[in-house]
Amino acid sequence: MTEKSGAEPAYKDYIGVFDSGVGGISVLHDLKRELPQENFLYYGDSANAPYGEKPIEKIRTLTMNSVDYLVSQGVKALVIACNTATSAAIPAIREKYEAAMPVIGVEPAIKPAAEAFPHGRILVMATPATLKLDKYTKLSKELAWEAEFVPVACTGLAGRIEKGNFDAPDMNALLEKLLGQYRGKVDAVVLGCTHYPFIRKQIQKVMGDIPLFDGGAGTARQLRRQLLNRGLLREGPQGVAGKCVLKSSLDTDAEIKLYHEMLQCIS
Ligand code: DGL
């Protein structure tokens, strides 16, 4: 896509959606379903993915660089469609940009899971960084009287999902290694990383047919509320879908093709 030059930014009426890589495309799918008339500019930092196994300060810097890029493109709102980046950097992003535009983050869907399974045992899959940061530790403590949470740091999983080919034997072997010991011992699973909704089927193959929770739909409703509050909802002609542009810091034809395939496969 050629970018316009001059005063008018290229993506003025777009919502900027960010993830460390392909994961946020699962959230983008929910955003498009909730707000079909909106335009979206998706940016995945696949050149630096995965984030969840990096030092927190590095995650903060990479996240802010990507968010600055989206803002420089003129977006009217920001969705940080990454649990790891939200946990590490949302206070700094809000401080810098929230006066100018809505800033929406994501968090592991442990509340809806606990409400659905009171006093249940809930496995929480997330990156090592997400599980160690305050956002998760505080939330899980607040809800500890409602359910028992079993956090599982899924080292290697987001990086593997970045490569596609989800039905390959090595994916099943990795999931078996991470999750196999919990089969039959938990009531539900929270997908606390936006990469994981792409492998729902593969997770259920290992864990059995138990409910999986993710935060995509809740994030989309939150975005709608914020756009409405600020008078930013786009009123396009009824029934005409907005535009959707997918970009990656790994700017190769193969990577952009993978992004489009990911959006197709989750739709
Ligand atoms: N998709 C991201 C999340 O929701 C993280 C994946 C990564 O480690 O980069 O946590």
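Located above this text is the structure these notes cover.
Residues numbered from 1 in each chain as written. Predicted model: local features only at pLDDT ≥ 70, side-chain atom pairs only at ≥ 80, totals over all residues. Heavy atoms only, no water.

Caption draft 1: Quick peek at the pattern of salt bridges. The final tally for this structure, using the stated rule, is 16 salt bridges. In this structure, Asp 167 and Lys 201 form a salt bridge, with 3.5 Å as the shortest nitrogen-oxygen distance. Of the two residues, Asp 167 is situated in the loop between helix 7 (157–161) and helix 8 (169–179) and Lys 201 in helix 9 (residues 200–207); the sequence distance between them amounts to 34 residues. Residue Arg 183 is joined to Glu 176 by a salt bridge in which the shortest nitrogen-to-oxygen separation is 3.1 Å. (Salt bridge = Lys/Arg side-chain N within 4 Å of Asp/Glu carboxyl O. Helix = DSSP H or I, 4+ residues; strand = E, 2+ residues; numbered from the N terminus.)

Caption draft 2: View of the nonpolar core. Met 125, Leu 157, Ile 161, Leu 179, Ile 203 and Leu 223 are the most contacted members of the largest nonpolar core, which has 50 residues in total. Not counting chain neighbours up to four residues away, the residues in contact with Ile 161 comprise Val 22, Phe 166, Met 171, His 195, Tyr 196, Phe 198, Ile 199 and Met 262. Counting residues in each nonpolar core, the second largest holds 27 residues, with Leu 41, Leu 78, Ile 80 and Ala 89 among its members. (Core = buried A, V, L, I, M, F, W, Y, C linked by side-chain atoms within 4.5 Å. Buried < 20%, exposed > 50% of the residue type's maximum accessible area, 1.4 Å probe, protein only. Contact = heavy atoms within 4.5 Å.)

Caption draft 3: Geometry of the site of the ligand. With respect to spatial proximity, 13 residues lie near the ligand, and among them Ser 20, Tyr 51, Gly 52, Thr 84 and His 195 are the closest. Backbone polar atom of Tyr 51 to an oxygen atom of the ligand: 2.6 Å apart, as the coordinates give it. The separation between an oxygen atom of the ligand and a polar main-chain atom of Thr 194 is 2.8 Å. Summarising the interface, the protein chains cover 100% of the accessible area of the ligand, which totals 300 Å² for the free molecule. Taken together, the residues of the shell around the ligand break down into five nonpolar, seven polar and one charged. (Near = heavy atom within 4 Å. Polar contact = N/O pair within 3.5 Å; in protein donor to acceptor, adjacent residues only side chain to side chain. Areas by Shrake-Rupley, 256 points an atom, 1.4 Å probe, with all protein chains shown as cover. Nonpolar A, V, L, I, M, F, W, Y, C, P; charged D, E, K, R; others polar.)

Caption draft 4: Region of the structure containing the packing of aromatic side chains. Under the criterion given, the structure shown has six aromatic pairs. Seen from their ring centres, Phe 117 and Phe 213 are 6.4 Å apart, and the 90° between their planes marks the pair as edge-to-face. You can see Phe 117 sitting in the loop between helix 4 (110–116) and strand 5 (121–126) and its partner Phe 213 sitting in strand 8 (residues 212–213), a full 96 residues away along the chain. Geometrically, the ring pair formed by Phe 166 and Phe 198 is tilted, given 6.3 Å between the ring centres and 35° between the ring planes. Taken together, the residues span a long stretch of sequence, with Phe 166 in the loop between helix 7 and helix 8 and Phe 198 in the loop between strand 7 (188–191) and helix 9 at a distance of 32 residues. On the basis of relative accessibility, which here comes to 12%, the residue Phe 166 falls in the buried class. Residue Phe 198 is classed as buried on the basis of its relative accessible area, which comes to 7%. (Phe/Tyr/Trp six-rings, centres within 6.5 Å; stacked < 30°, edge-to-face > 60°.)

Caption draft 5: Main features of empty space enclosed by the protein. According to the stated counting rule, one finds one cavity of 30 Å³ or more in the structure shown. Considered as a void within the structure, the largest cavity measures approximately 40 Å³ in volume. If you go around the largest cavity, the residues you meet are Ser 20, Pro 50, Tyr 51, Gly 52, Cys 82, Thr 84, Thr 127, Ala 158, Cys 193 and His 195. (1 Å grid on protein atoms, 1.4 Å probe; cavity = no way out; pocket = protein on both sides within 12 Å on 5 of 7 lines; lining within 4 Å. Points joined across faces, edges and corners; volume = space filled by probe spheres on them.)

Caption draft 6: Representation of the sheet that holds strand 6 (residues 148–153) within the structure. The strand order across the open sheet formed by four strands is 6-5-7-8, and the pairing between neighbours is parallel. Unpaired on one side and paired on the other, strand 6 and strand 8 mark the two borders of the sheet. Pairing geometry for strand 5 and strand 6, over six bridges, is parallel. Its bridge partner being in strand 6, Arg 121 is matched across the sheet by Glu 148. (Pairing = 2+ DSSP bridges.)

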